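Each chain is listed here by its residues.
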Amino acid sequence: MAGADNPRLREIAEAFVRHMHAFAREVKLSEHEYDIGIDFLNRIGQATHDAHNEGILFADAIGFSTLVCLMNNGNGGPTETAAALLGPFWRANSPVTESGASIVRSPTPGPDLFATCQVVDTSGAPVAGVTVDVWQASPIGLYENQDETQADMNLRGRFTTDAEGRFAFRSVKPAGYPVPTDGPVGEMLRAQHRHPYRPAHVHFLGYKPGYKTLITQVFVDDDEHLESDAVFGVTRALIGDYRRHDGGTPPAPGVAAPWYTLSYRFVMQRGESILPKPPIK
Ligand code: BEZ
Ligand code: FE
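Below, the structure is looked at part by part. (Residues numbered from 1 in each chain as written. Chains lettered and ligands numbered in written order. Predicted model: local features only at pLDDT ≥ 70, side-chain atom pairs only at ≥ 80, totals over all residues. Heavy atoms only, no water.)

1. Things to note about the coordination of the iron ion (ligand 2)
Working step 1: At this site the iron ion (ligand 2) is bound by Tyr143 (OH), Tyr177 (OH), His201 (NE2) and His203 (NE2), with donor distances of 1.8 to 2.1 Å.
Working step 2: What the six donor atoms of the iron ion (ligand 2) show is an angle range of 55 to 163° at the metal, which sorts the shape as irregular.
Working step 3: Here the donor residues for the iron ion (ligand 2) map to a single chain with the spacing Y-x33-Y-x23-H-x1-H. Of this pair, Tyr177 sits in strand β5 (residues 177–178) while His201 sits in strand β7 (residues 201–207), and the two are 24 residues apart along the sequence. Both residues of the pair, Tyr177 and His201, count as buried. (Donors = N, O, S within 2.8 Å, 3.2 Å for Na, K, Ca; no water. Tetrahedral: all angles 85-135°; square planar, octahedral: opposite > 155°, others 65-115°. Helix = DSSP H or I, 4+ residues; strand = E, 2+ residues; numbered from the N terminus. Buried < 20%, exposed > 50% of the residue type's maximum accessible area, 1.4 Å probe, protein only.)

Now the structure itself:
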């Protein structure tokens, strides 16, 4: 590695090789096991295409994505991080949507959800002009790009915060869902006797030049898998108050009880506003 021009590349590659060698020594890797490992890696690559990212799914399912997320967010201080892993299902260019409008773009089962959100900075002051991407799986457990019965970009939308840092949207209450298990990651989970479920959540990505891009998820508080998320994304700070309403005046005409409301405040800190590479197209 000494010949690499870029010092950071040198540092990373040198440590990677050192750890790979130490790993083989520690487990006394046989040649047959080496072949199995190479085959597993190759199949992760082969399972990855424009609509699916098995590489990210693998990093997520071994807790690696969350480790990197936790190391790079939260400032190492006493407060919990407001960030959570991106996951493999974020798509760029989701539809620009008026605050308060719905992200349901084709008939979708599930109770209505009315979300009101605010973005503030670390001093508590509102941050206006933040572009916030919102995406979630349908209550049958599939993102629109996994399910041809859903409209393109169903349950995805892009909002901009107003002068008070606020944006709102209408959707359906998310349900928990299994991560895809038809590839190498599914084989791994079955071998480990782990369930594949993620607790129900909505994803958010907040972007504004001058602020550190905020990538996070807000989890449903009554989900049975909050303590055992297959990809380790849950922190207490990210459990939302999805409040059930059984009566009273609904927030919009034609809404049947029960409906849910979610109110959530995101904190963005000053920093570099780098957008991740979309895992799928
Ligand atoms: C998601 O929340 O979209 C997700 C995250 C990790 C693996 C699979 C799905
Ligand atoms: Fe998700």
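Next, the rest of the story.
2. Here we look at empty space enclosed by the protein
Working step 1: Here the structure, examined in full by the defined rule, presents two cavities of 30 Å³ or more.
Working step 2: Every residue lining the largest cavity is counted, 14 residues in all, and those nearest its centre are Gly87, Pro88, Phe89, Tyr177 and Arg198.
Working step 3: Along the lines of polarity and charge, the residues of the lining of the largest cavity split into ten nonpolar, two polar and two charged.
Working step 4: Space inside the second largest cavity adds up to approximately 40 Å³.
Working step 5: Around the second largest cavity sit Val119, Val132, Phe204, Leu205, Gly206, Leu214, Thr216 and Phe266, which together line it.
Working step 6: It is β7 that provides the largest number of residues to the lining of the second largest cavity, a total of three residues.
Working step 7: Along the lines of polarity and charge, the residues of the lining of the second largest cavity split into six nonpolar, two polar and no charged. (1 Å grid on protein atoms, 1.4 Å probe; cavity = no way out; pocket = protein on both sides within 12 Å on 5 of 7 lines; lining within 4 Å. Points joined across faces, edges and corners; volume = space filled by probe spheres on them. Nonpolar A, V, L, I, M, F, W, Y, C, P; charged D, E, K, R; others polar.)

3. Observations regarding the environment of Phe23
Working step 1: Along the polypeptide, Phe23 turns up in helix α1 (residues 7–27).
Working step 2: A residue is classified by how much of its surface remains accessible, and Phe23, at 41% relative accessible area, is partly exposed.
Working step 3: Counting along the chain gives 202 residues from Phe23 to His225, while the straight-line C-alpha distance between them is 32 Å.

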